[in-house]
Structures are given as structure tokens and as C-alpha cells.
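# Secondary and tertiary structure notes
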Amino acid sequence: SLPAQWRTKYNGADPDNEVKSASFISPSTGYIATQHWIGFTTDSGQTVQRRYISISNVNFNNNPVNLTFGFTVEDIHAFSADTLLVSGDYGFEPSILYSTNGGANWVLVYYQGIPFNTVNIVNSMWQMEFPGAGSTGYAVHGDQVLKTTNRGQTWQVVGQDNKREFFDITFVNTQTGFAAG
């Protein structure tokens, strides 16, 4: 049982579809990211409108993504009810998708193919952070830290530590952050 100040707002029926992340733009409006879909709410999670990511609603930008398993969501960041990012992977290949219409359509803005014979075959874009609620953000996967300065529309590698597996990133302010792995 949760302490008195916590309440369960969403409890999915599918035990194989865990909630991975949430991003709210107000106390009532925001998104949850599950492994298989994202959900939009305007009533603090009492109801959730499911929005799926599929082959038919993603512009792959001519990237040869591995569509074997579809897109697996790991993290979500909402700038507004319409503009949002999801990170995760296509076939264990790190990917970030960008939407300007609330998840109805997506553009693949970051993709890194992973050779099949690589030692670390399980890889995903694990987490994104936007310290100070600005345009600059960071994401981590495998042995890399990525940075965006335009709200996730483009990404550049800004740090690499070979043979590391970064899973988490956090910031104490806009200048100081930590990547953990």
C-alpha cells in the first residue's frame, strides 16, 4: 500500500506493458510512456488516450531501421500537449522520435545502427533530460551522451566512454549533470 500522499492514477491490465516514464506540462495534462504505447491525459491520469507508434505514422528519414520488434519506448518528454519526444529503440538500435501533433505522427530524429556482432546487442536510448525546461537537452545510451540545442530536433554526440553502459542522466542545474551506468 502506498503512503497517504500517493494515489494510484493508472493501473494497466497488461503485466507485460509496464509504464516506463511520465512527462506532465501541468498538474492535469501530460503523457505516460508504456513499453508499447504512449498515453495522453488531461485529467491527471484518470483517463488515458492511447497513441501507438507504428510503421504507418513514422517518417524514418531514410534510415534503415530494424522493424522486427517495432519501436520500444523507454522515455518521454513533453514540451507542450502537441510537441513531444520519445526515446527507445527499433530492434535494440537507439532511436529518438519527435512529434508536433501530440503523437499522431512522428519523425525519426536520431538513430544509431548497432552491428549485429557487437558485444552489447541490447541497446536503447534510455533517458532524456532537459535541465531548466529549455531547448537544451541530453540523452544517454550505451557508451554515449547526446546533446540537443533545439528541443530534440537534432542530436550530437558530446561524450563517449567506451565499454560503458549509460542508463541514467540527471542534472542539479543547467551547467552540472551526471550520467550513470
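In what follows, the structure referred to is the one given above.
Residues numbered from 1 in each chain as written. Predicted model: local features only at pLDDT ≥ 70, side-chain atom pairs only at ≥ 80, totals over all residues. Heavy atoms only, no water.

The subject of this paragraph is the nonpolar core. As a rule of thumb, nonpolar side chains are buried together in soluble globular proteins. Counting residues in hydrophobic clusters, the biggest one holds 19 residues, and the most contacted among them are I38, I53, V86, Y90, L97 and W106. Of all the elements in the fold, those that place two or more residues in this core are β2 (30–34), β3 (38–41), β6 (71–78), β7 (84–90) and β9 (106–111). Counting residues per element, this core draws most heavily on β6, which supplies 4 residues. The residues touching I38, leaving out its near neighbours within four places in the chain, are Y31, I32, A33, Q49, R50, R51, I76, L84, V86, G103 and W106. (Core = buried A, V, L, I, M, F, W, Y, C linked by side-chain atoms within 4.5 Å. Buried < 20%, exposed > 50% of the residue type's maximum accessible area, 1.4 Å probe, protein only. Helix = DSSP H or I, 4+ residues; strand = E, 2+ residues; numbered from the N terminus. Contact = heavy atoms within 4.5 Å.)

Walk down a regular strand and you will see the side chains alternate between the two sheet faces. Most of β9 is tucked away, with 5 of its 6 residues classed as buried. Across 2 bridges, strand β5 (residues 58–59) lies against β9 in parallel orientation. Pairing of V58 across the sheet is with W106, part of β9. The pairing of strand β8 (residues 93–99) with β9 spans 4 bridges and is antiparallel. If you follow L97 over to β9, its bridge partner there is L108. Hairpin connection from β8 to β9: 6 residues lie between these consecutive antiparallel strands, with G102 at a positive phi of about 65 degrees. (Pairing = 2+ DSSP bridges.)

Two numbers describe a pair of aromatic rings. These are the distance of the centres and the angle of the planes. Within this structure, the stated rule accounts for 8 aromatic pairs. Within the aromatic cluster, the residues linked to one another by ring pairs are F60, F71 and Y90. (Phe/Tyr/Trp six-rings, centres within 6.5 Å; stacked < 30°, edge-to-face > 60°.)

For the rest of this paragraph, the subject is the sheet that holds β9. Here we have 5 strands laid out as an open sheet, ordered β5-β9-β8-β7-β6, and mixed in their pairing. With partners counted over all chains shown, the strands left at the sheet margins are β5 and β6, one partner each.

Moving on, we come to the pattern of salt bridges. In total, this model carries 2 salt bridges according to the counting rule given. We note a salt bridge from K20 to E74, for which the minimum N-O separation is 3.3 Å. Of the two residues, K20 is situated in strand β1 (residues 19–24) and E74 in strand β6; the sequence distance between them amounts to 54 residues. By relative accessible area, E74 is classed as buried at 12%. (Salt bridge = Lys/Arg side-chain N within 4 Å of Asp/Glu carboxyl O.)

Looking at the element boundaries, N101 is found in the loop between β8 and β9. Residue N101 is classed as partly exposed on the basis of its relative accessible area, which comes to 34%. Between the C-alpha atoms of N101 and D82, which are 19 residues apart in sequence, the distance is 4.6 Å. There is a polar contact of 2.9 Å between the side chain of N101 and the side chain of N105. (Polar contact = N/O pair within 3.5 Å; in protein donor to acceptor, adjacent residues only side chain to side chain.)

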